[in-house]
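# Structure at a glance
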Amino acid sequence: MLIDWIIFFGLAVVAIASGIGLLLSKNAIYAALNLIANFTAVAIFYLILAAPFIALAQIAVYAGAIMVLFLFVIMLLGAERLGGTSTLRWQRPLAIVLGLILIVETVLVFINRSGAIAPIVEVTADFGSPAAIGESLFSTYLLPFEVISVLLLAAMIGAIVLTRRRDQKA
Amino acid sequence: MIPLSWLLFFAAALFCIGLYGVLARKNAIAILMGIELMLNAVNVNLVAFWRYRTPEIMAGQVFAVIVFAVAAAEVAVGLALFISVYRRRKTIAADEIDMMKW
């Protein structure tokens, strides 16, 4: 289907371009805004993949909560300026080499892939609904769910302890 | 629909961009943003594999939800660490935070 490819490449271009924008922007605020654009494009990908719950969670959790936290801390610390003179001279060349190695490997695997892809299972419109995920999350995956809630609690306590000032002992 | 390999290729490209961001940046917040991009790429992979290979079991989406929660926890603790470091050292440049180096 032509429309699938148009949507795919449109979204892919937006996501990759905003990712590169994240790398190139000198200001941390712009970097964060680029990352929000990237997350939104990826959320639409999830919609194409019949995962509406994941798509909305992506918008709410990633593009919403996490990026607001990023912007808040950037503005709080006044750490807008990125880059500057690097004391590690080999850092940037090494990063380019390692990133390129990874992408070349990916392209090689992509070209030399073996075996046919199994036919795609067609799904109904209400497939992958939040109800189905909730049911699965609270029955089969109940233990991981509880572990995640403990992890979130630990992260919350950790963040509070780390940011508390020393003279505020009470 | 789009073949699975194109989606994986897209996710790998996102991952590479994130990796470069992590390795090349000095600002600790920018490094954390790169890590977020990499986690996001992994999530695209998880959901794509779920949709194309085993759409009858919900495990793929559940994995993605768990990755969301881990990413949120990681960002909360990471940014709290940066605030704490900034109060003591007045910097969050990763190469100036070298107290543990001897």
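In this text, all values refer to a predicted model and were calculated from it rather than measured experimentally.

Rules and cut-offs
- Residues numbered from 1 in each chain as written.
- Chains lettered and ligands numbered in written order.
- Predicted model: local features only at pLDDT ≥ 70, side-chain atom pairs only at ≥ 80, totals over all residues.
- Heavy atoms only, no water.
- Helix = DSSP H or I, 4+ residues; strand = E, 2+ residues; numbered from the N terminus.
- Buried < 20%, exposed > 50% of the residue type's maximum accessible area, 1.4 Å probe, protein only.
- Contact = heavy atoms within 4.5 Å.
- Areas by Shrake-Rupley, 256 points an atom, 1.4 Å probe, with all protein chains shown as cover.
- Lys, Arg positive; Asp, Glu negative; His and termini not counted.
- Charge placed at Lys NZ, Arg CZ, Asp CG, Glu CD.
- Domains from an automatic or database assignment.
- Buried area = accessible area lost by both parts, 1.4 Å probe.
- Polar contact = N/O pair within 3.5 Å; in protein donor to acceptor, adjacent residues only side chain to side chain.
- Nonpolar A, V, L, I, M, F, W, Y, C, P; charged D, E, K, R; others polar.

### Remarks on the overall build of chain B
Counting its secondary structure elements, chain B contains three helices and zero strands. Put simply, chain B runs from its N terminus to its C terminus through helices and strands in the order α-α-α. Here chain B, with 102 residues, has 62% of them falling under the buried criterion. In chain B, once contacts between residues fewer than 6 apart in sequence are set aside, the share between residues at least 24 apart is 60%. Total accessible area computed for chain B in this model is approximately 4000 Å², and 71% of it derives from carbon and sulfur atoms. Positive and negative charge centroids in chain B, built from 9 and 6 side chains respectively, lie 4 Å apart.

### Concerning the domain arrangement of chain A
The domains assigned to chain A are domain 1 (1–82) and domain 2 (126–170). Averaged C-alpha coordinates put domain 1 of chain A and domain 2 of chain A at centres separated by 23 Å.

### What to know about the interface of chain A and chain B
Contacts between the two partners involve 81 residues from chain A and, on the opposite side, 67 residues from chain B. Summing both sides of the interface, chain A and chain B together bury roughly 7000 Å²; the carbon and sulfur share of this comes to 77%. Of all residues in chain A, Leu49(A), Phe70(A) and Leu77(A) bury the most surface against chain B, accounting for 10% of the area lost on that side. There are eight residue pairs in polar contact (both at pLDDT 80 or more) connecting chain A and chain B. Classifying every residue of the side of chain A that touches chain B gives 60 nonpolar, 14 polar and seven charged.

### A word on the environment of Met1(B)
Of note, Met1(B) is situated in the segment before α1 (4–24). Met1(B) sits 51 residues away from Tyr52(B) along the chain, and the two C-alpha atoms are 10.0 Å apart.

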